[in-house]
Structure formats: structure tokens, C-alpha cells
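Structural description and commentary
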Amino acid sequence: MPKAYVYTRHGGPETEAFADVDRPVPGPGELLVAVRAAGVNPVDWKLRGGFRRPGEGEARFPEVLGSEAAGVVEEVGEGVSGFAAGDAVFGNTSGGAFAQYALLTASVTAHKPAALSFTDAATLPVAAATAYDGVRQLDLPEGATLLVTGAGGGVGAAALQIARAWGLRVVGVASEAKKDFVESLGAVHVPSGPGLAERVRAAAPGGVDAVYDLVGGEVLAEAAGLLADRTRLITAGAAPDTVAALGGSRVERARTAAVLDEVAELVVGGELDPFVSRTFPLDEAGPALRAVEDGHARGKIVIEVSA
């Protein structure tokens, strides 16, 4: 039977285990994919801990971990067009990704360009697409200044690059350990920690035109104080009511194959580097998730699955 990495109840790492699972059967609007790579994201351990996405039902244990994957189509579900067995694809999963087989939602799945590796493709549906959606939502004119908090992570690194590709000046907030990384992406680095607003003002004396927050909490509140127009405040790191109280809003996710096509082209064109900092085999899915959960990963962590 196919192998998958699951969590058996809500909680911490102690709830995780490998399990032999039935090979999934694609339902209407789904694709069955033989996984070649799966991206690892903070939302994976948050779901394990009990978080549920808006509109998502209760967990049905065991739940397979993982939210994005790249692989080869094995079967096509009812009502799906534009895909066939043997196609190389990447997209958002509808039933977990840390496994030998996964179900992808066809409407949020794209064909993988030949020039894009499975490993890089597996990083795009969550982090890069979230970054793309947020920068597009802000709709800033060329030359404007964007402040990105949490700039050293997967979403942050992608947001910095996409903003730069669209002609924006970018200030990235990250730990001192990630200074060189943030600056390598063309951003002005500002160290995280207390006194953030003062350091941002020094780094951008002309002010910032928008804030893309990926941290939440006190960082979000302090960054909000830098804006004259709070409609230019968006977050993927705080709850809707929290950011709304500050005059901002959550990132509006498009969740379409068209966005995946766009971010893939940015990678192929050399404007976006997914910065996969480390890969793990499926047998080491636990350590891969720990590498993200401890909050110090630079760029993206990917689980690779043997053919």
C-alpha cells in the first residue's frame, strides 16, 4: 500500500506517524498524482494543531500532512478537462501531499513547464502564489515602497522578488541572521525586534507606501503605524478581525491555475527564485516539518518522493 505521513489527532509532533494508506481515488474536479515533490509550509503544522481554513470541515483522522505538490498525473476525475495521464503538474492538494500519491484540485493545478523542476514547482502553490496575490492586491505604482515583514521566509522571499520584478522599492524585515539573504533579493534589510518602526523610518526616510505583513502580533501593529493610508495594509500572518481593527485586510487569495502559471513563468524567466534551502526524502518528513516549525528556515523546505 502507498505510504503517507499523517497526524492522528490534533496536537504537536507526537501526533505524527507514517501510515500505509489506500491509493486515493479522484473525485469530480480532482486529479490523482504520483507525487515527486511536496512543499512544506507553516500551515501544515498549524492544521495539525487544530487550525482549519475558512469553509473547511472538521479533520477526519488520520489526515495526510501537506498542502502543495508536484508530480505526474495518474488518473483524471470526472468533469476535468485539459489534463491527461502522464502530464507533469503542480498545484494545491485536496487531501495531503506528504505521500506517494495525492489528490490535486484541478482548478488550482497547472501544467509544469519543462524548464521547471518538480522540486521548485512544489514550492509555488502556497508560498509563491500567496506572495503574488498580496503584491497584486496592493496594486502599487512603479517606484513605490513596500515594507514586507517576515521577509526571510518562503512567502516573504517570494514577495520581495515579485515586488522588485514589478518595479517596487522593497524594505524587508527579518532577523539579523537573514540580512545577507534579504539584501541578495534586492531589498533594504531592517532587523526584526522591538523598535521596528524607528528602524524602518531610518531605512526609508521617504516613508513606506504599503505593508505586506507575514508575522502578525506586535509586528503588525507597529508596522501599521507607519502608514497614512491603512487600506495599504495587508496580512497573511494575522486573523481578519485583528487586521481589520487596524484598518487593513487579509490577503485575498485568488486560488486559480492562472496564478500558478504566472508564478511559474516568473521562475522560468529568472525573476523569481524559490530558494529551496533544503530537501528531505519522504522517509524524513518529520524532520522536514520540524525545520519549518522551528521558525528559522530560510526560503523553502521540500520533501522529495522517489518515482
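Within any chain, residue numbers begin from 1 and follow the written order of that chain's sequence. Note on the predicted model: pLDDT of at least 70 is required for a residue's local features to be given, and 80 or more for side-chain atom pairs to be given and counted; whole-chain, interface and lining totals, by contrast, use all residues. Processing note: side-chain calculations cover all non-hydrogen atoms of the structure and skip hydrogens and water entirely.

Time to look at the sheet that holds strand β10 (residues 188-191). As summarised here, the arrangement of the six strands in space is β10-β9-β8-β11-β12-β13, forming an open sheet in which the pairing is parallel. Pairing within the sheet leaves two strands with one partner each, and these edge strands are β10 and β13 (249-250). What makes two residues a contact is simply this: any of their non-hydrogen atoms within 4.5 Å. The axes used here are C-alpha line fits, helices contributing only the stretch in contact, and every angle between their N-to-C directions lies in the interval 0 to 180 degrees. What counts as a helix is a DSSP run of H or I of at least four residues, what counts as a strand is a run of E of at least two, and both are numbered from the N terminus. In this fold helix α6 (residues 196-203) packs onto β8 (145-149), β9 (169-174) and β10, with an angle of close to 160° to the strand it touches most, β10. Here, any two strands with at least 2 DSSP bridges between them count as paired.

On to the side chain of threonine 15, then. If you trace the backbone, threonine 15 turns up in the loop between β1 (3-7) and β2 (16-20). Since its relative accessible area comes to 1%, threonine 15 is described here as buried. What qualifies as a polar contact is a pair of N or O atoms within 3.5 Å, subject to a donor-acceptor requirement within protein and to the restriction that residues adjacent in sequence count only when both atoms come from side chains. Side-chain polar atoms of threonine 15 contact the backbone oxygen of arginine 9, separated by 3.4 Å. The buried label applies to any residue whose accessible area, calculated with a 1.4 Å probe on protein chains only, is under 20% of its type's maximum; exposed applies above 50%, and partly exposed to all values in between.

With that out of the way, let us pick up the packing of helix α3 (residues 124-138) against helix α9 (residues 257-268). Relative placement of two packed helices is described by the angle separating their axes and the distance separating the axes. The N-to-C vectors of α3 and α9 enclose an angle of 95°; their axes lie 10 Å apart at closest approach. With respect to α9, the element α3 is oriented roughly perpendicular. Within the contact between the two elements, α3 uses Leu124, Pro125, Ala128, Ala129, Tyr132, Asp133 and Arg136 and α9 uses Val259, Leu260, Glu262, Val263, Ala264, Leu266 and Val267. Each residue gets one label: Ala, Val, Leu, Ile, Met, Phe, Trp, Tyr, Cys and Pro are nonpolar, Asp, Glu, Lys and Arg are charged, and the others, such as Gly, are polar. Here the contact of α3 with α9 is built from residues that sort into 11 nonpolar, no polar and three charged. Roughly parallel covers angles under 35 degrees, roughly antiparallel covers those over 145, roughly perpendicular covers 65 to 115, and oblique covers all other angles.

Buried Ala, Val, Leu, Ile, Met, Phe, Trp, Tyr and Cys residues form a nonpolar core when they are joined through side-chain atoms within 4.5 Å. Formed by 45 residues in total, the largest nonpolar core has its most connected members in Phe90, Leu124, Val135, Leu146, Val148, Leu160 and Tyr212. Of all elements in the fold, only β7 (101-111), α3, β8, α4 (154-165), β9, α5 (179-184), β11 (210-213) and α9 reach the threshold of two or more residues within this core. Counting residues per element, this core draws most heavily on α3, which supplies seven residues. Each residue touching leucine 160, except ones within four places of it in the same chain, is listed here: Val148, Ala151, Val170, Gly172, Val182, Leu185 and Ala187. Residues Ala59, Leu65, Val292 and Ile303 belong to the second largest nonpolar core, which totals 32 residues.

An order of β2-β1-β4 is seen for the three strands of this open sheet, with the pairing classed as antiparallel. Of all the strands in the sheet, the pair left with one neighbour each is β2 and β4 (63-64). Pairing of β1 with β2 involves five bridges; the strand directions are antiparallel. Its bridge partner lying in β2, valine 6 is registered against alanine 17.

This part covers the side chain of aspartate 213. In this fold, aspartate 213 is placed in strand β11. The charge count treats Lys and Arg as positive and Asp and Glu as negative. His and the chain ends do not count. When a carboxyl oxygen of Asp or Glu lies within 4 Å of a side-chain nitrogen of Lys or Arg, that pair is called a salt bridge. In this structure, aspartate 213 is buried with no salt-bridge partner, the nearest side chain bearing the opposite charge being arginine 250 at 7.3 Å. At 2.7 Å, the side chain of aspartate 213 forms a polar contact with the side chain of threonine 149. Those residues in contact with aspartate 213, other than ones at most four positions away along the chain, are Thr149, Val219, Leu220, Ile234, Thr235, Ala236 and Gly237.

This paragraph deals with the pattern of salt bridges. Pairing between side chains of opposite charge can happen when the charged atoms of each approach one another. Scanning all chains against the criterion turns up 12 salt bridges. For arginine 290, the salt bridge identified is with glutamate 16, shortest N-O distance 2.6 Å. With arginine 290 in helix α10 (residues 285-293) and glutamate 16 in strand β2, this pair connects stretches of sequence that are 274 residues apart. Put simply, Glu16, Arg48, Arg290 and Glu293 are held in one network by salt bridges that share partners.

Attention shifts here to the packing of aromatic side chains. Two rings belonging to Phe, Tyr or Trp (six-membered ring only in the last case) form a pair when the distance between their centres is within 6.5 Å. Interplanar angles under 30 degrees mark stacking, angles over 60 mark edge-to-face geometry, and anything in between is tilted. Using the criterion set out here, one finds four aromatic pairs in the structure. Arranged with centres 4.7 Å apart and planes meeting at 55°, the rings of tyrosine 5 and phenylalanine 18 form a pair that is tilted. Separated by 13 residues along the polypeptide, tyrosine 5 in strand β1 and phenylalanine 18 in strand β2 bring together distant segments of the chain. Across from the ring centre of phenylalanine 18, 5.3 Å away, lies the NZ or CZ of lysine 3, which sits over that ring. Two limits define a charge over a ring: the Lys NZ or Arg CZ must be within 6 Å of the ring centre, and within 35 degrees of the ring normal.

This paragraph deals with the pairing of strand β14 (residues 276-281). Relative to strand β15 (residues 300-304), β14 runs parallel, the two being bridged by five bridges. Across the sheet, residue valine 276 finds its bridge partner in β15, namely lysine 300. By convention, orient the strands away from the viewer: a clockwise path from the first strand over the helix to the second makes the crossover right-handed. Tracing the backbone out of β14, into α10 and back to the parallel element β15 gives a crossover that is right-handed.

With omega at -5°, the peptide bond leading from phenylalanine 61 into proline 62 counts as cis. Tracing the chain through its elements places proline 62 in the loop between α1 (42-48) and β4. For aspartate 139, which is not glycine, the phi dihedral falls at a positive 50°. Structurally, aspartate 139 can be placed in the loop between α3 and β8. Judged by its relative accessible area of 60%, aspartate 139 falls in the exposed class. Phi at phenylalanine 275 is positive, roughly 50°, even though this residue is not glycine.

Distances and angles like these do not, on their own, reveal function.
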